[in-house]
Amino acid sequence: MRKIGIFGLLLFWAVVSYAQTKPLSQLTVEEIMQAPEKFIGTSPSRVSWSKDSKSIFFYWDPDGNGEVSSYKISKNGGQAEKVEDTSEGWPSSYEYNKAKTKIVYSEGGDIYMKELKSGKVTRLTSTNSREVSPSFHKENVITFIADDNLFSIDTETGLMTQLTNFIITNNNDEDRGGRRNVNNGNSGNRIQDAWLREDQATTSEILAERRNRPRRSFRGFGSFGGFGGDNDNRSAVELENIRGLQLSADGKFVSFTVYHAPENGAKRTIVPNYVTDSGYTTDLNTREKVGGEQGYSEIGIYNVEGDSVYYLDKMQLPGITDLPDYVKDYPDKEWKEEPRKVSATTTIWSGDGKYAVVQFSSEDNKDRWIMRLIPESGDLITIDRQRDEAWIAGPGISSFGGGTFGFLPDNKTIYFQSEKSGYSHLYTHDLSTGVTKQLTNGNYEVYSPFLSEDGSKWYFTANMKHPGIRHFYSIPVGGGTPTQITSVDGGNNVTLSPDEKTLAIEYSYIDQPTELYVQANKPGAKAEKLTESLRDGFKQYDWHEAEIITFKAEDGADVHARLYKPENPNGAGVIFVHGAGYLQNVHYWWSTYFREYMFNNMLMAKGYTVLDIDYRASSGYGRDWRTGIYRYMGGKDLSDQIDGAKYLMNEHGVEAGRIGMYGGSYGGFITLFAMFKYPDVINAGAALRSVTDWAHYNHGYTSNILNTPVEDPIAYKRSSPIYFAEGLKGDLLIAHGMVDTNVHFQDVVRLAQRLIELGKDNWEMALYPVENHGFTEPSSWTDEYKRIFKLFENTIGQKD
C-alpha cells in the first residue's frame, strides 16, 4: 500500500508539473512583447568583485518591478542582499602606486592620496582649478592635469611643479611638423551637399520636377543642402583641444594629443518630434551624414629640459600616399598620390622611460601604424603596419586608437592585436631586438586579453571550440598552448577576482537567459549557480533549443545559421535577419534578440520553418567574413539569405513562393533588398527601422564599408535599396520609429515616395511616433510584431 501511495504521489506531481508547462502553440505576441522584466526576468549585469575577493557585486531586478538595483552576494553562495553602494568607500577612479600600497585620485577637483594599510588620506591640492587624471610617476611624485597643463607634486616635500605651459588657441590653419595644410573647410561640406542635392532627384521624379518650377517652389527644401551651407555652427570645438598629457618615466618629455575639429563644424541633421509635452513639434539635432568633413588628432612632444615642442611627422609613415584599390573603377577621374589625412591616436611610454610607441590611423581607415618614437629627434620607426583595402577593425583593434595595446612588465615588449593571420590574434614586439611574435594562432578570435597580476600569463576569451561558443582561457605571457578554464559550452563572460583565485561568470545558453555563476580559477572546476532571475511567465514554456547548422553559399563558403524546425511544418519558411551588420546571433548563448528568439519559437509552433543566419559581415568568423560586404552591401550578405532560402526548400520541404523575411535596422535593409532584387524567392517581408539609402547614414560606420558618396558613388548606388524599388512584387510591411535618431525616419519617407511614384500598391507602412531606433514601449513592440505575424499568416501562411 505504501508503494502504491508513493507512486500515486509521484504521478500527481508529474501531472501537476505537466499541467504547468504550456505548449509553444499557446504563445501570443502580447506575451512575448510585454516588458521583459515582467515576463522573462532581469539577468545580473555589471559584475564586479569586492576588494577582498570574498563578495560579488552586480546589478539586478529579481522582483521584476522595472527598477535595477545593486546587489551583493558571497562567492560561497547564499542570499543576495541589496546594497546602496558598491564602492566599499573607494573612489570611482584611482591609480595604484607600483607596490599597490597607495592610491591617488581626484575628488571635487582636488587630488588626494590614500595609504591602503592605515587608511590615511592626504589632500595634496586645494586650488580654484580643477585637477584631474592623477597618477604615480615615481613613488613620491604624482602627476596630474589642471587647466590643460601637466603638473607634478612631490608628496614628501609638497613642492608642486608646472611641467608645461600650453595656451588654448585657435590655430587650426598652422602648418606643423610636416603636416600638410589641407583645406578642411566648407568646401568639403559644399561638395557633399551638392552631391546629396543632385542625388535626391534620382529617387523622386516629383522632386526633380519641382526644381524646374518658379523659385518660390523651393521653399522648404533648404535642408537637402545647396551650396550655401550653415556657417553659424562655429563653436568652441574648433579650438585646439589638448588631451592625454603624459610624462615619460625619465621626466624628460611630455606627450600630448591635440584634436582639430572640422573647420566649419559638421552639418547635422534634424529629426522632428511630433509627440511632445508642449504640444508643439520640436526638432532633435542629431548626427551628420556620411561624407562630411572629419576632425583629426596629432601628437605633440614637449621637451621639458629644452622647453620646446614638435609634432610627429606623418610623412614618415610608410605608404602615407597610397591610393585605395577602388580608384581603378574610376579611370576618368584624376587621383593624386598625396599624403592622406591621418590621426595620431595613442602614445605609450615604457615604465623606465627608454621607449615610446605611437599608434596612427588613416582617415580612410585602411591603415593602422604602430611606430616606435625616438623622442629626442622625432624619428619614427615602423613596428607594424596593418593595411586593409577594406577597413581596419576586428576584436581588440580600433582605428580610433586604444584597443589592445600596451607594454609588458619588462618595459621593452609591447603587445597588440592584429588580423594579419585572417583572425584577430595577440602579438608582441620586442623593441630591443625588433622581433614580432604571434602568441595565439588559429581560426578563432581573441577577445579582451589582459595580463595576470604577476605578469606571468595572459587571460582572454575566445571562440576556439566553435564560432558560437566562448570560453575563458590562459596562456603563458610568452605564448604557448592555451588552457581552457571554463567548462560548460555557451557564453562565458568572466570577471576575475582581485586575488585571481575565482571567476564570476555571466553564463547563458541558447534557451537559458544569463545567470551569475562562480568557479574556482582551475581548468575543469565546477561552476556553481548564484542567482535565479527567471519569471514564472517565461518558465511555463518549454523553449526550443534552436539547432545550429551550416549550409553552403553560392561561392562555396559555409554559412552558420540557427534552425527552428517545426514538428508539423505548414510548408512555409521565414528568415530572420539580425541587425548591426558586424554582430553575431548564431551562437550558443542567450541572444540580445530575445524577443525575436521567442517570436521565432511562436512561428515554429505555428508550423513555419525559421532560419536565422550569420551572413557575410557577421562577427566571430575572421577578417574575410567581416569585410565580405566591402563596397557592396546587398551583395554577399544578401546572397547568403537567398542561399538560405534555397536550403529551406531543398532540405526542409519549404515550398517555393512561400518564404518570408523580417529584420530590423541592417536586417530591415536586407529585407528590402531581398524583396526588390529576389521577389520570386522572398515573397513577403517586414522591414523594420531600415536603411534605404546609405548616403543618408552616419559617417563612422558607412565610410568604412562604402568609402564616401563623392569618392565612390558606385558603391552607394549598388548598395542602396531605394534604387531597386521597382523590383517589388510581394507584400511588404515597412515599420519605423518617427524619432529614430540613428536610421532617420526620412529614409522610409523617401522610399515611400519612390514606391508611390512607381505605382506600387502591395505595401503598407506602420509608424511609431514616440519610438527611437530601439523601441522601448511594449505597446509599440506588440503592434509591430502583430503586424508581422498577420503579414505572414495572410500571405506565405496560406496554401494555394
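Residues numbered from 1 in each chain as written. Predicted model: local features only at pLDDT ≥ 70, side-chain atom pairs only at ≥ 80, totals over all residues. Heavy atoms only, no water.

With that out of the way, let us pick up the overall build of the protein. Scanning the protein from N- to C-terminus turns up 14 helices and 42 strands. Counting over 800 residues, the protein shows a buried share of 55%. Pairs at least 24 residues apart make up 59% of the contacts formed inside the protein by residues separated by at least 6 positions. On the protein, roughly 35500 Å² of surface is accessible, and the fraction owed to carbon and sulfur atoms is 48%. (Helix = DSSP H or I, 4+ residues; strand = E, 2+ residues; numbered from the N terminus. Buried < 20%, exposed > 50% of the residue type's maximum accessible area, 1.4 Å probe, protein only. Contact = heavy atoms within 4.5 Å. Areas by Shrake-Rupley, 256 points an atom, 1.4 Å probe, with all protein chains shown as cover.)

A separate point is the pattern of salt bridges. Once their charged atoms are close, side chains differing in charge can pair, the charge on each being opposite to the other. The final tally for this structure, using the stated rule, is 31 salt bridges. Close ionic contact of arginine 340 with aspartate 364 constitutes a salt bridge, the shortest N to O distance being 3.3 Å. One end of the pair, arginine 340, is in the loop between strand S18 (308-311) and strand S19 (342-349); the other, aspartate 364, is in the loop between strand S20 (356-362) and strand S21 (367-374), and 24 residues separate them in sequence. By relative accessible area, aspartate 364 is classed as partly exposed at 23%. It is possible to trace a salt-bridge network through shared partners that takes in Asp322, Arg340, Asp364, Asp367, Arg385, Arg387 and Glu389. (Salt bridge = Lys/Arg side-chain N within 4 Å of Asp/Glu carboxyl O.)

Here we come to the sheet that holds strand S7 (residues 110-115). By way of backbone hydrogen bonds, the strands of a sheet pair with one another, either parallel or antiparallel. If you walk across this open sheet you meet the 4 strands as S5-S6-S7-S8, and the pairing is antiparallel. Both edges of this open sheet fall to strand S5 (95-96) and strand S8 (121-123), since each of them pairs with a single strand only. Note: S7 against S8, 3 bridges, orientation antiparallel. In the sheet register, methionine 113 faces S8, and the bridge partner there is threonine 122. (Pairing = 2+ DSSP bridges.)

We now examine unusual backbone geometry. When glycine is set aside, most residues are seen to have a negative phi, and most peptide bonds are trans. Positive phi is not limited to glycine here, since arginine 46 has a value of about 50 degrees. Looking at the element boundaries, arginine 46 is found in strand S1 (residues 42-49). Positive phi, normally seen in glycine, also occurs at aspartate 147, with a value near 50 degrees.

If you check helix H7 (residues 594-605), its first and last C-alpha atoms are 17 Å apart, about what 12 residues at 1.5 Å a residue would give, namely 16 Å. Counting buried positions along H7 yields 11 of 12 residues, so the element is predominantly enclosed. Among the residues of H7, those classed as buried are Phe594, Arg595, Glu596, Tyr597, Met598, Phe599, Asn600, Asn601, Met602, Leu603 and Met604. (Expected span 1.5 Å × (residues − 1).)

Turning to the sheet that holds strand S17 (residues 296-303), a few remarks are in order. The 4 strands lie next to each other as S13-S14-S17-S18, forming an open sheet whose pairing is antiparallel. A strand with exactly one partner marks an edge of an open sheet, and here the two such strands are strand S13 (241-247) and S18. On average, adjacent strands in this sheet sit at an angle of 25 degrees to one another, irrespective of strand direction. (Axes fitted to C-alpha atoms, helices over the stretch in contact; angles between N-to-C directions.)

So, about the packing of aromatic side chains. This structure, assessed with the given rule, holds 49 aromatic pairs. Taken together, a centroid distance of 6.4 Å and an interplanar angle of 75 degrees make the contact between phenylalanine 39 and phenylalanine 538 edge-to-face. Linking phenylalanine 39 in helix H3 (residues 36-39) with phenylalanine 538 in helix H6 (residues 536-539), this pair joins segments that are 499 residues apart in sequence. Classification of phenylalanine 39 as buried rests on a relative accessible area of 2%. Taking relative accessible area as the criterion, phenylalanine 538 reaches 2% and is therefore assigned buried. Between phenylalanine 58 and tyrosine 71 the ring centres are 6.2 Å apart and the planes differ by 20 degrees, which places this aromatic pair in the stacked class. Pair noted here: phenylalanine 58 is in strand S2 (residues 55-61) and tyrosine 71 is in strand S3 (residues 69-74), with a separation of 13 residues, a long-range link. Since its relative accessible area comes to 1%, phenylalanine 58 is described here as buried. Among the aromatic residues, those joined into a ring-pair cluster are Phe576, Tyr593, Phe599, Tyr662, Tyr768, Phe775, Trp781, Tyr785 and Phe792. One residue, lysine 114, lies across the ring of tryptophan 90, its end atom 5.9 Å from the ring centre. The side chain of arginine 470 reaches across the aromatic face of tyrosine 447, ending 3.8 Å from its centre. (Phe/Tyr/Trp six-rings, centres within 6.5 Å; stacked < 30°, edge-to-face > 60°. Lys NZ or Arg CZ within 6 Å of the ring centre and 35° of its normal.)

This part covers the environment of aspartate 558. Residue placement: aspartate 558 occurs in strand S36 (residues 558-564). Using a relative accessible area of 40% as the deciding quantity, one classes aspartate 558 as partly exposed. Sequence separation of aspartate 558 and tyrosine 615 is 57 residues, and the distance between their C-alpha atoms is 10.0 Å. In this structure, aspartate 558 is in contact with Phe551, Lys552 and Trp625, ignoring residues within four places of it in sequence.

Residue position: histidine 699 is located in helix H11 (residues 699-706). Not counting residues within four places of it along the chain, the set of residues in contact with histidine 699 comprises Lys289, Val290, Gly291, Gly292, Gln294, Asn704 and Thr708.

By size, the foremost hydrophobic cluster in this structure holds 126 residues, and its most contacted members are Ile575, Leu611, Tyr662, Ile682 and Phe792. Looking at which element gives the most residues to this core, the answer is helix H10 (residues 666-677), with 8 residues. Beyond its immediate sequence surroundings of up to four residues, phenylalanine 792 is in contact with Val574, Leu603, Tyr608, Gly660, Met661, Tyr662, Ala684 and Gly797. (Core = buried A, V, L, I, M, F, W, Y, C linked by side-chain atoms within 4.5 Å.)

This part takes up the packing of H7 against helix H14 (residues 778-794). Packing of H7 against H14 leaves a shortest axis separation of 12 Å and a crossing angle of 30 degrees. Both H7 and H14 take part in a crossing whose hand is right-handed. Across the interface between the two elements, Arg595, Glu596, Phe599, Met602 and Leu603 of H7 pack against Trp781, Tyr785, Ile788, Phe789 and Phe792 of H14. (Left-handed = near helix turned anticlockwise from the far one by under 90°.)

Take the confidence of the model for the protein next. When pLDDT is averaged along the protein, the result is 90; 90% of the residues meet or exceed 70. Low pLDDT (under 50) marks residues 1-19, which in the prediction has 0 contacts with non-local residues, meaning those over four places away or in another chain. With pLDDT under 50 throughout, residues 215-239 is counted as low confidence; its partners more than four residues away or in other chains account for 39 contacts. (pLDDT = per-residue confidence, 0-100.)

This next bit is on the environment of arginine 595. Tracing the backbone through its elements, the reader meets arginine 595 in helix H7. Here arginine 595 falls in the buried class, since its relative accessible area comes to 15%. For the pair arginine 595 and glutamine 34, spaced 561 residues apart in sequence, the C-alpha separation works out to 9.5 Å. Aside from chain neighbours lying at most four places away, what touches arginine 595 is Ile32, Met33, Pro36 and Trp781.

Together, Tyr274, Val275 and Val770 make up an exposed nonpolar region whose accessible area comes to about 280 Å². For valine 275, a relative accessible area of 47% corresponds to the partly exposed category. (Patch = residues over 30% accessible without salt bridge, like charges linked within 9 Å, V, L, I, M, F, W, Y side chains within 5 Å.)

The subject of this paragraph is the packing of helix H9 (residues 636-652) against H10. Packing of H9 against H10 brings their axes to within 10 Å, and their N-to-C directions diverge by 70 degrees. Taken as axis vectors, H9 and H10 run roughly perpendicular relative to one another. Handedness of the H9/H10 crossing: right-handed. Along the contact surface, H9 presents Asp637, Leu638 and Gln641, while H10 presents Tyr666, Phe669, Ile670, Phe673, Ala674 and Lys677. Its residues assigned to classes, the contact of H9 with H10 comprises 6 nonpolar, 1 polar and 2 charged. (Parallel < 35°, antiparallel > 145°, perpendicular 65-115°, else oblique. Nonpolar A, V, L, I, M, F, W, Y, C, P; charged D, E, K, R; others polar.)

A rise of 1.5 Å per residue sets the reference length of H9, with its 17 residues, at 24 Å; its end C-alpha atoms lie 23 Å apart and thus fit the reference within 8%. Within H9, 12 of the 17 residues are buried, which leaves it mostly tucked inside the rest of the structure. All buried positions along H9 are accounted for by Asp637, Leu638, Ser639, Asp640, Gln641, Ile642, Asp643, Gly644, Ala645, Tyr647, Leu648 and His652. A positive phi of about 70 degrees marks glycine 653, the residue just after H9.

Inspection of the secondary structure puts lysine 289 in the loop between strand S16 (282-288) and S17. For the buried lysine 289, no salt bridge exists, and the shortest N-O distance to an oppositely charged side chain is 5.9 Å, to aspartate 747. Within polar-contact distance, the side chain of lysine 289 engages the side chain of glutamine 746 at 3.2 Å. Filtering out sequence-adjacent residues up to four positions away, lysine 289 remains in contact with Leu196, Lys267, Thr269, Ala695, His696, Tyr697, His699 and Gln746. (Lys, Arg positive; Asp, Glu negative; His and termini not counted. Polar contact = N/O pair within 3.5 Å; in protein donor to acceptor, adjacent residues only side chain to side chain.)

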